[in-house]
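# Structure assessment
One-letter residues, chain by chain:
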Amino acid sequence: MMIDVGNFALAGAMLVAAASALAAVHGAVNGVPAAVRLARWLLGGFLALISLSSAALIDALVHSNFQVAYVANYTERALPVGYKIAAFWAGQSGSLLLWAWLLGVVSTLAAVLWRRRQDAAYPWALATLAAVCAFFGALMLFAANPFVLSVRPVADGQGLNPLLQNSGMIAHPPVLFAGYAAFTVPFAALIGALMTGQKDDEWVQPVRRWVLAAWLLLGVGILLGANWAYTELGWGGYWAWDPVENASLLPWLTATGLIHSLVVQRRSGIFRGWNAGLIAGTFLLCIFGTYLTRSGVIQSVHAFEASSIGTFFLVFLGCGVLLSLGLIIWRRNLLKPAQPLDSLLSRDGAFLIANVLLTLIMVVTMVGTIFPIISRVMTSHPMEVKTNFYNTVVAPLAMVVVALMAVGPLLSGGRHAAADLRRRLMLPAAAAVAAVLVAVVAMAWREAWSVVTLAIVVLTVGAILQELIRGVRARMADSQENAATALLRLVDGNHRRYGAQMAHLGIAMLVAGVVGSSVFGQKHDLALTRGQEAEVAGLTFTLRDLNQTRHENYSAVEANLMVTQKDGRTAMLKPQVRYYDKFEQPASEVALDSTLRRDIYVTLAGWKDEGHSATFQVIVNPLVAWIWLGGLVVTLGGIFAMLPTLAVVPAVQPGGAGLDLAGNPQPSGGAAR
Amino acid sequence: MKSKLIIAGLILAATVSYLVYAGVSQGWVYYLEVDAYLAKPEYRGQTVRLCGRVGAQGLVRDAAGLTARFNLLGKTHEIPVVYHGVVPDMFKPGCEVVVEGKQDKAGVFQSTMMLTKCASKYETEDHAKRLGQRP
């Protein structure tokens, strides 16, 4: 019964979305407001029906209705109920349904939020959203239907892949897909603006929030995936330049450029064509990534075998590229900049350079990812690039972007950019030089990457602190506030500026974590008999014992491995090897002792003599925690930037106040002059 | 301003081209099926990535879990492989794997990197069928 409901709701959702697109186009072409209203309601109908369909799948999963092949393939009766629900996105068709549902949510939200804006672009944006929704409906109905029935009745399902029975896997796909789905809204707004030939840059304003929100979701989704790989896969890393990972990074890179260059377009009317390309490109990269990873054209650690949804995505991608390119070429006169760029050594110039570099990193990553296809076409031998391709090409470019991030906020917009920069850079640069000297002379650091990173991180943090302190001092001098009040009011008075600074701080933390763990990580094999001690990487490991435990749907062999630091602090690490009832091969479970300084990462590799001796792989990874913390700080910064001012702040306007990133008056700017 | 932009663009293009050239020249490997690898002796001395299925016969896993010996099966030929490292969770007979390494003098493929291709959330029907064949 519920299966039929799910299936009919899916068919209905596709039809309703298609009808919505047609109604919106009719409303746009013939100027019929009633048709546009109808289109909006129909889009809401898509959300309602796709929600009903999702509810039907959740119902089947929770009640272990193995009539549905999807339920039988990805769950079992003994699976904890949380994982039964998470199995919703464990397979191809379910994860596409999740994407479609999230698409329904963001589309309806955008349609409702923008309904009061009586502009001509609205119906076209609505039509674009509805068309994308209809595509996903058709995709599921014809190529990846999650409600396909089992061929023969089964007593119990096959169980959820052990690698996916991890908390990171519950959160990673929904957040990532929410990011992908949210990039549809800026794309729809762009199509609307281009179709109606909007001359001003007003339409960019609401788009910025969407881009920022989608960028945050995508970034958090990527980090959750990295964290899952780190805690579950057992090789001690969080990023392997696998095609699937790269596919999610591509739109993140272009969107990172976009959140900066949209600000400039709004303020100065430049970068119009560039932004149009980036908005379309980011959305299409989301689709391209999905095509790449699900069609079987690229070999990946994730098993992909040829399936027909690849063709669907390829056709959709082709249509999207042609439509965007055609519109951008058609409207090229409207996309010309309102004024020329002053100079490369200015804030806008830095934005331009960062944008170009981010786009280049995207292109290089894409070339590496599709290198097997390129090489198959150009030579007779298929080739793959190894991870050191990315480390050679992407790492230096990324470092330049991070350096720009450190210096960029110190640049001013005017003609005195160079002189301003020199003055503002003095203190942070001195701090960076001092830190490098200490590291190289006193601590004997020899790896170039770590030294460069140290310099950039100190520069970034120094510059942020310096600006903050100057701002607070200026407020205190002008308004007789105490330091804490001045700080709160300063920050609250300009969310975008300080949200961005916070995000930059988070990126610096993240970069420190990535470089620290890549350069200083150590890997050791360790064989111990019961009660034996061994010293590895300055840590003493003692094997207490091995024992067997039984859980809901697996039994496990667990080692009790005590680690003692030089300062006498101890921790008990419990790496496991799990034997899931439904899977014949064992799954190892990493034990982690994580501090801000370093992670001790232990896997149980094997044992002999009935558990009297065991082998472990011990990885000491410095600074990994900073990656996750940095991600958190970036996210908080992004959220802060989107929040409205919390308290009413008495404005302090010293003479010659500057402009912030968004072109808002910057209360503290005067003091720096 | 325009000329400055062009110069900056050229410098950037040159740098990136060099980086890509440097990256590709030291960062690529042949990706081959077992049969194609064995067909041409010229691959013998090079590091390559080999793709094939794990044979059930002759599979020996060291109890300590840090080595695995097995035959990698192509469509018609097979090659003995010794893998040194932590054996991935999804490694088992019949599983498709990619190993990176080179052949030693005895003809054994020595590898230190292995990717298993069985585990995924994007499994298609074909994979489900294979899972379904378990006893």
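The rules behind each value
- Residues numbered from 1 in each chain as written.
- Chains lettered and ligands numbered in written order.
- Predicted model: local features only at pLDDT ≥ 70, side-chain atom pairs only at ≥ 80, totals over all residues.
- Heavy atoms only, no water.
- Phe/Tyr/Trp six-rings, centres within 6.5 Å; stacked < 30°, edge-to-face > 60°.
- Helix = DSSP H or I, 4+ residues; strand = E, 2+ residues; numbered from the N terminus.
- Domains from an automatic or database assignment.
- Contact = heavy atoms within 4.5 Å.
- Buried area = accessible area lost by both parts, 1.4 Å probe.
- Salt bridge = Lys/Arg side-chain N within 4 Å of Asp/Glu carboxyl O.
- Buried < 20%, exposed > 50% of the residue type's maximum accessible area, 1.4 Å probe, protein only.
- Pairing = 2+ DSSP bridges.
- Expected span 1.5 Å × (residues − 1).
- Polar contact = N/O pair within 3.5 Å; in protein donor to acceptor, adjacent residues only side chain to side chain.
- Axes fitted to C-alpha atoms, helices over the stretch in contact; angles between N-to-C directions.

### What to know about the packing of aromatic side chains
In total, this model carries 27 aromatic pairs over all chains according to the counting rule given. Taking 5.2 Å as the distance between ring centres and 80° as the angle between the ring planes, the aromatic pair formed by F389(A) and Y390(A) counts as edge-to-face. Ring geometry for Y37(B) versus F109(B): centroids 5.9 Å apart, planes at 85°, classification edge-to-face. With Y37(B) in helix α2 (residues 34–39) and F109(B) in strand β7 (residues 109–116), this pair connects stretches of sequence that are 72 residues apart.

### Here we look at the domain arrangement of chain A
Residues and elements named next belong to chain A. Under the domain assignment used here, chain A contains domain 1 (1–165), domain 2 (169–385) and domain 3 (521–625). Distance between the C-alpha centres of domain 1 and domain 2: 23 Å. Contacts between domain 1 and domain 2 engage 34 residues on the former and 36 residues on the latter. The contact between domain 1 and domain 2 buries some 3,000 Å² in all, and 80% of this surface belongs to carbon and sulfur atoms. Put simply, domain 1 and domain 2 have 0 salt bridges between them.

### A word on the pairing of strand β3 (residues 533–536) of chain A
Residues and elements named next belong to chain A. Side chains of β3 alternate between two faces, with A534 and V536 buried and E533 and E535 left unburied. In this sheet, strand β4 (residues 539–550) lies alongside β3 in antiparallel orientation, the contact comprising 4 bridges. Each residue of the ladder has a partner; that of E533, found in β4, is T542. Count of turn residues in the β3/β4 antiparallel hairpin: 2 residues, of which A537 carries a positive phi of about 50°.

### Notes on helix α17 (residues 448–479) of chain A
Under the 1.5 Å per step criterion, the end-to-end length of α17(A) is 47 Å for 32 residues, consistent within 8% with the ideal 46 Å. Where α17(A) terminates, the next one or two residues include Q480(A), which has phi positive at roughly 55°.

### Remarks on the environment of E467(A)
Residue and element names in this part refer to chain A. By the secondary structure assignment, E467 is in helix α17. Residue classification places E467 among the buried residues on the basis of a relative accessible area of 10%. A C-alpha to C-alpha distance of 8.6 Å links E467 and R424, two positions 43 residues apart in sequence. For E467, the contacting residues outside a window of four places in its chain are L410, R424, R497 and Q501. A polar contact is formed between the side chain of E467 and the side chain of R497, at a distance of 3.5 Å.

### Digging into the pairing of strand β10 (residues 598–608) of chain A
The side chains of a regular strand alternate, residue by residue, between the two faces of the sheet. All names here are of chain A. For β10, a buried count of 9 out of 11 residues is recorded, marking the element as mostly surrounded by other parts of the structure. Bridge count between strand β9 (residues 591–594) and β10: 4 bridges; the pairing is antiparallel. Residue pairing for β10: S594 is matched across the bridge by D599. One ladder, built from 10 bridges, connects β10 with strand β11 (residues 613–622); its direction is antiparallel. Note on β11: the bridge partner recorded for D599 is N621.

### Thoughts on the side chain of E384(A)
Locating E384(A) in the fold gives a position in strand β1 (residues 383–385). Residue E384(A) is classed as buried on the basis of its relative accessible area, which comes to 10%. Side-chain polar atoms of E384(A) contact the side chain of R49(B), separated by 2.5 Å.

### Let's talk about the sheet that holds strand β2 (residues 522–529) of chain A
Residues and elements named next belong to chain A. Read across the open sheet, the 4 strands follow the order β2-β11-β10-β9; overall the sheet is antiparallel. For this open sheet the edge positions go to β2 and β9, each flanked by a neighbour on one side alone. Adjacent strand axes in the sheet meet at a mean angle of 20°, parallel and antiparallel pairs treated alike. Sheet analysis places β2 next to β11, joined by 8 bridges and oriented antiparallel. When the bridges of β11 are listed, L528 appears paired with A614.

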